[in-house]
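So the chains spell out like this:
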Amino acid sequence: MQLCGSKVPGTAVQARATRVPRRSIVVKCEAGATVKPAVDTIELGKSGLKVTVLGIGAWSWGDRSGYWGYGKEYGKEASQEAYAALMQSGLTFIDTAEVYGYGKSEEFLGEFMKAGLSDAQPTVATKFAPLPWRLRSGSVAVACRASLERLQLQQMALYIQHWPGFAFNAFSNDAYLEGLADCVELGLTQAVGVSNFNAQRVRKAAQALSRRGTCLSSNQVQYSLLYRKPEQTGVMEACKEAGVTMVAYSPMCQGLLTGKYTPDGPKPVGPRGNIYSKKIREIQPLIETMRAVGQSRGKSPAQVALNWVICKGAVPIPGAKNKKQVDEIAGAVGWRLDEGEIAELERASDRIVTPMGAPFENW
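An account of the accompanying structure is given in this report.

Quick notes on the rules
Residues numbered from 1 in each chain as written. Predicted model: local features only at pLDDT ≥ 70, side-chain atom pairs only at ≥ 80, totals over all residues. Heavy atoms only, no water. Salt bridge = Lys/Arg side-chain N within 4 Å of Asp/Glu carboxyl O. Helix = DSSP H or I, 4+ residues; strand = E, 2+ residues; numbered from the N terminus. Buried < 20%, exposed > 50% of the residue type's maximum accessible area, 1.4 Å probe, protein only. Patch = residues over 30% accessible without salt bridge, like charges linked within 9 Å, V, L, I, M, F, W, Y side chains within 5 Å. Areas by Shrake-Rupley, 256 points an atom, 1.4 Å probe, with all protein chains shown as cover. Contact = heavy atoms within 4.5 Å.

## Digging into the pattern of salt bridges
The full count for this structure, using the stated rule, is 20 salt bridges. Here Glu107 and Lys104 are joined by a salt bridge, their closest N and O atoms 3.4 Å apart. Taken as a pair, Glu107 and Lys104 lie in helix H2 (residues 104-114) at a separation of three residues, close to a single helical turn. Taking the relative accessible area as the measure of exposure, Glu107 reaches 27% and is therefore partly exposed. Residue classification places Lys104 among the partly exposed positions, given a relative accessible area of 27%. A salt bridge links Asp182 to Arg212; its shortest N-O distance comes to 2.7 Å. Here Arg212 lies in the loop between helix H5 (199-211) and strand E9 (216-222) and Asp182 lies in helix H4 (residues 173-185), a separation of 30 residues in the sequence. Judged by its relative accessible area of 24%, Asp182 is partly exposed. Its relative accessible area of 23% is what places Arg212 among the partly exposed residues. Look at the salt bridges and you will find they share partners, linking Arg228, Glu231, Lys312, Glu346 and Asp350 into a network.

## Some remarks on a nonpolar patch on the surface
A grouping of Phe166, Phe360 and Trp363 is seen on the molecular surface, where their side chains present a nonpolar patch of about 290 Å² in accessible area. Tracing the backbone shows Phe166 in the loop between strand E7 (156-161) and H4. A relative accessible area of 44% places Phe166 in the partly exposed class.

## Brief notes about the environment of Cys239
Topologically, Cys239 is positioned in helix H7 (residues 235-242). Between the alpha carbons of Cys239 and Ser218 there is a distance of 7.9 Å; along the sequence they are 21 residues apart. In this structure Cys239 touches Val202, Asn219 and Val244, once residues within four positions along its chain are discounted.

Take it as geometry only, folks, not as evidence of what the structure does.
Below is the structure:
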């Protein structure tokens, strides 16, 4: 059976989690490191591309915007340790973008892959930025090749349109989809996806890519217990109808759902502090519910938050600045919340009135 992506062997089926054969991942990063079993995988849409049910977003690696505190709170070494820990844990799906660190995130990931830190290799996704001067389909393949050079790869697993074109390039979105299809045909990527697309855009993109003989594998949107708009705006339903997998960025709401911030204790610093500090008190009942749900399983609020996203059929990609954060994130896989726990968490989530995210998928 011919797959829409045509580059990945397998059988095209509706996206679902599957148990892969348990295999050893030999890791060189630490002497005496324990061998980890393979993590469950999920097929992205009908592309044939399978990724781990939980991935990592590399926005913070080499970030030069000041948002995450790179160069002050942590540096390149911490990002490298995070990468090694990811490979050791079996969480091999890594998402980056050309705009993260103005190319530094991709460069770091490329260096880490070549450094011999692990025999395991990541499944790499990166993103095309629809910048105002990029108006034609050809700009997509040019950007894709530049990302591959920074990543030191011949082909990536997944190439994504980072956001819909608007303002100066609002009329270029059809061209961008054509460009994504070109990248598949040129062998630059195994599969293609989009990010921050609303329901109508998802349906249109799926149809356009199908006409080119490929498919829309995924739509990456903001989604967490503190931001459930995709359930309400039709985005999640459109993804299901089109056979597209939803990938969730900010699944811990940039740290709010870890439980480490309290009204009278630690707060986020920098720009995140300005955005979220005043909202910490309001979310405490949800945090306590998460803590109670996780207690019987020996799981933290962060692990509960990520597992909830997995149970909703989406692939969470939280950020990880260092090995400690990766180790906690890895505890979110290998188990599932039951229906009663999911309902309890959502009741607590429904009581929060203040919006905790930005509706980028409405662009």
